[in-house]
Amino acid sequence: RRQTRELPRILAELESRGEKTSHWAWWVFPTDLCGASEPLPETKVEPEHAPTLVSRGPADRWRRALELVCDLSERRGDLVLPSIDHGRVAFFIAYWEKLPCAPPWLRAVLTRLEALL
């Protein structure tokens, strides 16, 4: 639910500023761990809930946000995320790579992100 509410603002920020300038890594790079400074209620994706996120969550906007981070980062030659978020991205990649429910588009994003770290 939080991801659904936050993604339009996140997309607008990336499209207008070309980089991450506010706090939202938890909702674009979800893992099975809550974020250190994530606002309440904290969110995490347990492995048993991951299929629901990719099938019934806001997958179209989530995909757009992830692909936009990749597109902008590849153009710049460096992640458009502050260095404090790089660890979160690394855990996101490791978490979703091992889940069989990750769709092909997400696997492609993981490969792109890994190349940028």
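Residues numbered from 1 in each chain as written. Predicted model: local features only at pLDDT ≥ 70, side-chain atom pairs only at ≥ 80, totals over all residues. Heavy atoms only, no water.

Novice: How would you sum up the overall build of the protein? Please name residues and give values.
Specialist: Tallying secondary structure elements over the protein gives six helices and zero strands in all. Going from the N terminus to the C terminus, the protein shows its helices and strands as α-α-α-α-α-α. With the principal axes as the frame, the protein shows a C-alpha extent of 35 × 30 × 25 Å. Counting across all 117 residues of the protein, residues that qualify as buried make up 44%. Partitioning the contacts of the protein with sequence separation of at least 6, the portion at a separation of at least 24 is 63%. Entry remark: accessible area of the protein is about 6400 Å², with carbon and sulfur atoms responsible for 54%. (Helix = DSSP H or I, 4+ residues; strand = E, 2+ residues; numbered from the N terminus. Buried < 20%, exposed > 50% of the residue type's maximum accessible area, 1.4 Å probe, protein only. Contact = heavy atoms within 4.5 Å. Areas by Shrake-Rupley, 256 points an atom, 1.4 Å probe, with all protein chains shown as cover.)

Novice: So, the side chain of E13: which residues are in play, and what are the values?
Specialist: Tracing the chain through its elements places E13 in helix α1 (residues 2-17). For E13, a relative accessible area of 8% puts it in the buried group. Polar contacts involving the side chain of E13 include one to the side chain of W24, which spans 2.9 Å. (Polar contact = N/O pair within 3.5 Å; in protein donor to acceptor, adjacent residues only side chain to side chain.)

Novice: Can you explain the nonpolar core? Please cite residues and give values.
Specialist: One finds F29, W62, F92, W96, L106 and L113 to be the most contacted residues of the largest nonpolar core, which totals 37 residues. At the level of secondary structure, the elements contributing two or more residues to this core comprise α1, α2 (25-28), α3 (50-56), α4 (59-76), α5 (86-97) and α6 (104-116). Of the residues forming this core, the biggest block, seven residues, is contributed by α4. Sequence-distant contacts of F29, defined by excluding residues within four places in its chain, comprise W24, L66, V69, L81, R88, V89, F92 and L113. (Core = buried A, V, L, I, M, F, W, Y, C linked by side-chain atoms within 4.5 Å.)

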